[in-house]
Amino acid sequence: MALEMLRTLALTGLGAFAGLVAIQHAFRADDLPPADHFISEYANGSGGWVQVVAFMAWAGSLAATTGLAARAGERRVARGIVVAGVGAGVVGAVA
């Protein structure tokens, strides 16, 4: 049961982050091009609270993913997939 809850939290948090960022990008008046600006710049302005909520959802997702990785135990393939997924998410956010 705990693994299912962690999995649900990880996926829900990640989906919430992506959805909130997409919604915020769609409704920004100044239309920041994502290729030229950091995603954290969305926190500036009147709708900045949406970005803060998005980052909190992402943090919750990463915490749940860390919990999944810690419980992977001897399942090295599962642990590798989790670590690769987190790494890809971080690289994608930085790029």
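If you're wondering where the values come from, they're calculated on a predicted model, not measured in any experiment.

A word on the overall build of the protein chain
Turning to step 1, where the next piece is worked out: The helix and strand inventory of the protein chain stands at three helices and zero strands.
Turning to step 2, where the next piece is worked out: Listing every helix and strand of the protein chain by position from the N terminus yields α-α-α.
Turning to step 3, where the next piece is worked out: Burial status across the protein chain gives 24% buried among its 95 residues.
Turning to step 4, where the next piece is worked out: Put simply, 56% of the contacts in the protein chain that link residues at least 6 apart link residues at least 24 apart.

Details of helix α1 (residues 2–27)
Turning to step 1, where the next piece is worked out: Taking 1.5 Å as the rise per residue, α1 with 26 residues should run 38 Å; its terminal C-alpha atoms sit 37 Å apart, in good agreement.
Turning to step 2, where the next piece is worked out: Every buried residue belonging to α1 is among L6, A10, G13, F17, V21 and Q24, and all of these are buried.
Turning to step 3, where the next piece is worked out: Lining the buried residues of α1 we find α2 (48–71).

Description of the confidence of the model for the protein chain
Turning to step 1, where the next piece is worked out: Looking at the protein chain, pLDDT values average 78 and 81% of them are 70 or higher.
Turning to step 2, where the next piece is worked out: For the protein chain, the element scoring lowest by mean pLDDT is helix α3 (residues 76–94), at 68; α1 scores highest, at 87.

Some remarks on the nonpolar core
Turning to step 1, where the next piece is worked out: Counting six residues, the largest nonpolar core is built from F17, V21, L32, Y42, A54 and W58.
Turning to step 2, where the next piece is worked out: Those elements that provide at least two residues to this core are α1 and α2.
Turning to step 3, where the next piece is worked out: Setting aside residues up to four positions removed in sequence, F17 forms contacts with I39, Q51, A54, F55, A57 and W58.

Let's talk about the side chain of T65
Turning to step 1, where the next piece is worked out: The residue T65 is located in helix α2 in this model.
Turning to step 2, where the next piece is worked out: The buried category is assigned to T65, whose relative accessible area is 13%.
Turning to step 3, where the next piece is worked out: Each residue touching T65, except ones within four places of it in the same chain, is listed here: A10, V82 and V86.

Things to note about the side chain of Q51
Turning to step 1, where the next piece is worked out: Structurally, Q51 is set in helix α2.
Turning to step 2, where the next piece is worked out: Other than its neighbours up to four places away in sequence, Q51 contacts F17, V21, Q24, I39, Y42 and A43.

Re the packing of aromatic side chains
Turning to step 1, where the next piece is worked out: Using the criterion set out here, one finds three aromatic pairs in the structure.
Turning to step 2, where the next piece is worked out: Ring-pair connections join several aromatic residues into one group, and the members of that group are F17, F55 and W58.

Points about the packing of α1 against α2
Turning to step 1, where the next piece is worked out: At a closest axis distance of 8 Å, the pairing of α1 and α2 adopts a crossing angle of 155°. Compared by their axis directions, α1 and α2 come out roughly antiparallel. Here the hand of the crossing between α1 and α2 comes out left-handed.
Turning to step 2, where the next piece is worked out: Here the residues of the contact of α1 with α2 are counted per class, giving 18 nonpolar, seven polar and two charged.

Definitions and cut-offs
Residues numbered from 1 in each chain as written. Predicted model: local features only at pLDDT ≥ 70, side-chain atom pairs only at ≥ 80, totals over all residues. Heavy atoms only, no water. Helix = DSSP H or I, 4+ residues; strand = E, 2+ residues; numbered from the N terminus. Buried < 20%, exposed > 50% of the residue type's maximum accessible area, 1.4 Å probe, protein only. Contact = heavy atoms within 4.5 Å. Expected span 1.5 Å × (residues − 1). pLDDT = per-residue confidence, 0-100. Core = buried A, V, L, I, M, F, W, Y, C linked by side-chain atoms within 4.5 Å. Phe/Tyr/Trp six-rings, centres within 6.5 Å; stacked < 30°, edge-to-face > 60°. Axes fitted to C-alpha atoms, helices over the stretch in contact; angles between N-to-C directions. Parallel < 35°, antiparallel > 145°, perpendicular 65-115°, else oblique. Left-handed = near helix turned anticlockwise from the far one by under 90°. Nonpolar A, V, L, I, M, F, W, Y, C, P; charged D, E, K, R; others polar.

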